[in-house]
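Take a look at the letters that make up each chain.
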Amino acid sequence: QVQLVQSGAEVKKPGASVKVSCKASGYSFTGYYIHWLRQAPGQGLEWMGWINPNSGTTRYTQQFQGRVTMTSDTSVSSAYMELSRLRSADTAVYYCATITMFRGVILPYFEYWGQGALVTVSS
Amino acid sequence: QSALTQPASVSGAPGQSITLSCTGTGRDVGGYNYVSWYQQHPGTAPKLIIYDVTNRPSGVSNRFSGSKSGDTASLTISGLQAGDEADYYCSSYTSRNTLLFGGGTKLTVL
């Protein structure tokens, strides 16, 4: 079965960086895009961007351009999201997500989600 | 980009049918058939319940149905059950090649 397992909670100071990992299993990791989203406490979902794990091609939403870096390591079937210059407004649960409906196609919805990683930014 | 507009809360009695709305613009909801809906219980990841406006993933109850008219998409839940109490989010592909979410609707089953 498809599983996405994320790294644990992190506490960071303003200005620092955080790197969240997402280990995939149960499907062909290189065949399907991984998306990253976040959800601030008590708030809605916010899409951050995607990575093609096979080619490493990425697309980030404008809001995070220059601060976010998404990478992948096919040898361990894992994707990573690094966010820099953290501020208190970045406190959120960060999710990786994917859908295995059509190989190599970017689809704008997600059937499989990681469990989420809480990132707290506080001085 | 502004978030899609969803009512903050709706409520219904067990067995009733309720409809949740999601309003966007011609650059997102109205322009593409890429509206999806997610159900989220507290402390858990969202669950996809509708994609491409009307389609249900395998395993999702047929009590959930989606539709769209113009710039507004709708999620209808029939035969309301206690387990349906959750937050519901709509999402749409946009003309900027991004994904936009609504602010979410909290469904209370009375």
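Everything that follows concerns the structure shown earlier in this document.
Residues numbered from 1 in each chain as written. Chains lettered and ligands numbered in written order. Predicted model: local features only at pLDDT ≥ 70, side-chain atom pairs only at ≥ 80, totals over all residues. Heavy atoms only, no water.

Before going further, it helps to examine the overall build of chain A. Tallying secondary structure elements over chain A gives zero helices and 11 strands in all. Reading chain A from its N end, one meets helices and strands in the order β-β-β-β-β-β-β-β-β-β-β. Its C-alpha atoms give chain A a radius of gyration of 14 Å, within 12% of the compact-globule value 14 Å for 123 residues. In terms of its C-alpha atoms, chain A occupies a principal-axis envelope of roughly 40 × 30 × 25 Å. Buried residues in chain A amount to 49% of all 123 residues. Once local pairs closer than 6 in sequence are excluded, the contacts in chain A between residues at least 24 apart make up 55%. For chain A, the computed accessible surface area is about 5,500 Å², with 47% contributed by carbon and sulfur atoms. Averaging the coordinates of the 10 positive side-chain charges in chain A and doing the same for the 6 negative ones gives two points 5 Å apart. (Helix = DSSP H or I, 4+ residues; strand = E, 2+ residues; numbered from the N terminus. Rg over C-alpha atoms; globule rule 2.2 N^0.38 Å. Buried < 20%, exposed > 50% of the residue type's maximum accessible area, 1.4 Å probe, protein only. Contact = heavy atoms within 4.5 Å. Areas by Shrake-Rupley, 256 points an atom, 1.4 Å probe, with all protein chains shown as cover. Lys, Arg positive; Asp, Glu negative; His and termini not counted. Charge placed at Lys NZ, Arg CZ, Asp CG, Glu CD.)

So, on to the state of the cysteines. Considering all chains together, one arrives at two disulfides over all chains under this definition. At a sulfur-sulfur separation of 2.1 Å, the disulfide partner of Cys22 of chain A is Cys96 of chain A. Disulfide Cys22 of chain A-Cys96 of chain A: the torsion about the S-S bond is 80°, which places it as right-handed. Of the two residues, Cys22 of chain A is situated in strand β3 (residues 18-25) and Cys96 of chain A in strand β9 (residues 92-98); the sequence distance between them amounts to 74 residues. A sulfur-sulfur distance of 2.0 Å marks the disulfide that ties Cys22 of chain B to Cys90 of chain B. Taking the torsion about the S-S bond as the criterion, the Cys22 of chain B to Cys90 of chain B disulfide, at about 75°, is right-handed. Of this pair, Cys22 of chain B sits in strand β2 (residues 18-23) while Cys90 of chain B is found in strand β7 (residues 86-93), placing the two residues 68 residues apart along the sequence. For Cys22 of chain B, a relative accessible area of 0% translates into the label buried. (Disulfide = S-S within 2.5 Å.)

All right, on to the interface of chain B and chain A then. With 19 residues of chain B in contact, the opposing surface of chain A contributes 18 residues. With both chains or domains summed, chain B and chain A bury close to 1,600 Å², and 63% of this area falls on carbon and sulfur atoms. Of all residues in chain B, the largest losses of buried area upon contact with chain A belong to Pro46, Leu99 and Phe101 of chain B, amounting jointly to 32% of the total for that side. For the pair chain B and chain A, the interface holds zero salt bridges. On inspection of chain B and its partner chain A, the count reaches seven residue pairs in polar contact (both at pLDDT 80 or more). When contributions to the side of chain B that touches chain A are tallied by element, the ones reaching two or more residues are β3 (35-40), β7 and β8 (99-101) of chain B. Tallying contributions element by element places β3 of chain B first for the side of chain B that touches chain A, with three residues. (Buried area = accessible area lost by both parts, 1.4 Å probe. Salt bridge = Lys/Arg side-chain N within 4 Å of Asp/Glu carboxyl O. Polar contact = N/O pair within 3.5 Å; in protein donor to acceptor, adjacent residues only side chain to side chain.)

Attention shifts here to the pattern of salt bridges. Residues and elements named next belong to chain A. For the structure on display, the rule yields five salt bridges over all chains. Close ionic contact of Glu46 with Arg38 constitutes a salt bridge, the shortest N to O distance being 2.8 Å. What makes Glu46 partly exposed here is its relative accessible area of 22%. A relative accessible area of 7% places Arg38 in the buried class. The salt bridge involving Arg67 is made with Asp90; its shortest N-O contact spans 2.7 Å. One end of the pair, Arg67, is in the loop between β6 (58-60) and β7 (68-73); the other, Asp90, is in the loop between β8 (78-83) and β9, with 23 residues separating them in the sequence.

Turning next to the environment of Lys19 of chain A. All names here are of chain A. The residue Lys19 is located in strand β3 in this model. Take Lys19: its relative accessible area is 45%, and that puts it in the partly exposed class. Between the C-alpha atoms of Lys19 and Glu82, which are 63 residues apart in sequence, the distance is 4.1 Å. Residues contacting Lys19, with those up to four places away along its chain left out, are Ser7, Glu10, Thr71, Tyr80, Met81 and Glu82.

All right, on to the side chain of Thr61 of chain A then. By the secondary structure assignment, Thr61 of chain A is in the loop between β6 and β7. Once residues lying within four places of it in the same chain are set aside, the contact partners of Thr61 of chain A are Trp47, Met48 and Gly49 of chain A together with Thr98 of chain B.

The subject of this paragraph is the sheet that holds strand β5 (residues 64-69) of chain B. Residue and element names in this part refer to chain B. Read across the open sheet, the three strands follow the order β2-β6-β5; overall the sheet is antiparallel. Edge positions in the open sheet fall to β2 and β5, since each of these has one partner strand only. Neighbour-to-neighbour, the strand axes of this sheet turn through a mean angle of 20°, independent of strand direction. Strand direction decides the pairing type here: β2 and strand β6 (residues 72-77), joined by six bridges, are antiparallel. Its bridge partner lying in β6, Ile18 is registered against Ile77. (Pairing = 2+ DSSP bridges. Axes fitted to C-alpha atoms, helices over the stretch in contact; angles between N-to-C directions.)

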